[in-house]
Amino acid sequence: MKRTIFSLLNLIRDINHHYFYLLIAFISINGLAQTKTDFFSLNYTIIPKGEFKDEVGEAQLSHLDLNCITPTIKLGTKSKINNILYYRFSQYDYNSFPTEDVLLPKNFHEIRYTILARQSISSNWEMLLVPKLAIRSDFEENISRKDLFPAVSTIFMRTSKRDNNMKWGFGVNYNNDLGKNSVIPILAFNYLSDKVRFNAIFPNNANLTFTSLKKVEYGFAFTTDATLVHVNTFESIDYVRTLNVHLNPTFSYNLTSNFWVNLKAGIVVRRKYDLYNTDFETPSDDFENKLKSSGFVQLGVSLRTKT
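In this text, all values refer to a predicted model and were calculated from it rather than measured experimentally. (Residues numbered from 1 in each chain as written. Predicted model: local features only at pLDDT ≥ 70, side-chain atom pairs only at ≥ 80, totals over all residues. Heavy atoms only, no water.)

Glancing now at the environment of Phe202. Considering the arrangement of structural elements, one finds Phe202 in strand 10 (residues 196–202). Remark: the alpha-carbon pair of Phe202 and Pro185, spanning 17 residues in sequence, is separated by 8.5 Å. (Helix = DSSP H or I, 4+ residues; strand = E, 2+ residues; numbered from the N terminus.)

Going through the model one piece at a time under the given rule, you end up with 12 salt bridges. With a shortest N-O distance of 3.2 Å, Arg88 and Asp225 are connected by a salt bridge. In this pair, Arg88 is assigned in strand 4 (residues 79–95) and Asp225 in strand 12 (residues 216–230), connecting sequence segments 137 residues apart. There is no split in this pair, since Arg88 and Asp225 are both buried. Ionic pairing is found between Asp177 and Arg136, a salt bridge with its closest N-O pair at 2.4 Å. One end of the pair, Asp177, is in the loop between strand 8 (166–175) and strand 9 (182–192); the other, Arg136, is in strand 6 (residues 125–137), with 41 residues separating them in the sequence. For the pair Asp177 and Arg136, one class covers both residues: buried. A single network of salt bridges, built from pairs that share partners, joins Asp38, Arg197, Glu217 and Arg304. (Salt bridge = Lys/Arg side-chain N within 4 Å of Asp/Glu carboxyl O. Buried < 20%, exposed > 50% of the residue type's maximum accessible area, 1.4 Å probe, protein only.)

Here the focus is a nonpolar patch on the surface. Side chains of Leu42, Tyr44, Leu64, Leu66, Tyr87, Ile111, Leu133, Phe139, Ile143 and Leu148 sit close together on the surface and give an oily, nonpolar patch of about 800 Å² of accessible area. At the level of elements, strand 1 (38–51) and strand 2 (58–69) are the ones that each hand at least two residues to the nonpolar patch. Within the element layout of this structure, Tyr87 appears in strand 4. Residue classification places Tyr87 among the partly exposed positions, given a relative accessible area of 31%. (Patch = residues over 30% accessible without salt bridge, like charges linked within 9 Å, V, L, I, M, F, W, Y side chains within 5 Å. Areas by Shrake-Rupley, 256 points an atom, 1.4 Å probe, with all protein chains shown as cover.)

Structurally, Arg241 can be placed in strand 13 (residues 239–256). Among the polar contacts made by the side chain of Arg241, one reaches the side chain of Asp274 at a distance of 2.7 Å. Reaching out from Arg241, the side chain makes a polar contact with the side chain of Tyr276 at a distance of 3.1 Å. In this structure Arg241 touches Asp177, Leu178, Thr227, Leu228, Lys272, Tyr273, Asp274 and Tyr276, once residues within four positions along its chain are discounted. (Polar contact = N/O pair within 3.5 Å; in protein donor to acceptor, adjacent residues only side chain to side chain. Contact = heavy atoms within 4.5 Å.)

Predicted confidence across the chain gives a mean pLDDT of 84, with 85% of residues reaching 70 or more. Of the regions scoring below 50 in pLDDT, residues 1–35 engages in 189 contacts with residues more than four places distant in sequence or in other chains. (pLDDT = per-residue confidence, 0-100.)

If you look at the biggest cluster of nonpolar residues, it comprises 18 residues, and the most contacted ones within it are Tyr92, Tyr94, Phe108, Ile237, Val240, Tyr273 and Leu275. Among the secondary structure elements, those contributing two or more residues to this core are strand 2, strand 4 and strand 14 (259–276). Counting 10 residues, the second largest nonpolar core, distinct from the first, contains Ile69, Ile84, Leu128 and Ile201. (Core = buried A, V, L, I, M, F, W, Y, C linked by side-chain atoms within 4.5 Å.)

Turning our attention to the pairing of strand 14. In terms of strand pairing, strand 13 meets strand 14 through 15 bridges, oriented antiparallel. Looking across to strand 14, one finds that Tyr239 is bridged to Tyr276. Inspection of the sheet shows strand 14 paired to strand 16 (residues 294–304) by 10 bridges, in the antiparallel sense. Counterpart to Lys264 in the pairing with strand 16 is Gln298. In this sheet, strand 15 (residues 288–291) lies alongside strand 14 in antiparallel orientation, the contact comprising four bridges. The residue of strand 15 that forms the bridge with Arg271 is Leu291. (Pairing = 2+ DSSP bridges.)

The subject of this paragraph is unusual backbone geometry. Note the cis peptide between Phe202 and Pro203, where omega equals 10°. Its place among the elements puts Pro203 in the loop between strand 10 and strand 11 (205–210). A positive phi angle, near 55°, is found at Asn181, a position not held by glycine. The phi dihedral of Phe280 falls on the positive side, at around 60°, and the residue is not glycine. Position of Phe280 among the secondary structure elements: in the loop between strand 14 and strand 15. In this structure Phe280 comes out as buried when scored by relative accessible area, which is 18%.

Have a look at this one:
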């Protein structure tokens, strides 16, 4: 079995990666909770080679992702809808394995369509409904139902009566990111002022950003990036599950008009790369792979609304 995993792992050689980053279990709505929104963004991320904890070998991961948020559609006085289009290309590069042949998928793709619907309930309460449908595959064969990964989140947000800049909320998410048909509770918190912005959707992400300077924003963030992908590379494996937990400072610079340059650099404190069969289970312990912590860098550009 060890030889099998080495064979599988050596196929992932010569891979470049971009992998879609949006949630462990649900979609991040941080940007839409702010006064200004990045309605278009393009990012490149690289996680340099890191060693496996229980195997001989190294793995490098790279992502290229694109996100677009369409203008807000108002339905009456209490309802608003945004459409979100997302694409991610991920590529792995493995080396230093004891065998030359690898049977793992090289390239991963994700195409995702999300609807963000906001319904005002009262002067202090708002409901957010976020259905999502993603196609995640290596595209080695025609798309099938195994490539479809639906998810939906429902969140109730309350505006503080003492401070209109503060919102908190709770909800639930159904997803197919870490496993099959997972249901996860959600806790959300948003705070916005002229000098600081804090957004958190636990357990997925949190962002603290200082905004006192006109053209510069900086802060700190953590993000849990978990993804389940259908692959067609070999018979015994149907899905690859990856998990990367990022912890990092952030920096953004307003180059001109509404054009921003964004930089993140930090550490991936937890990394996993597991192989699942059609029952969403690992055939044996040999198909569960943990990697040591490593650094990462993300460079991107975005277009931001001015109001």
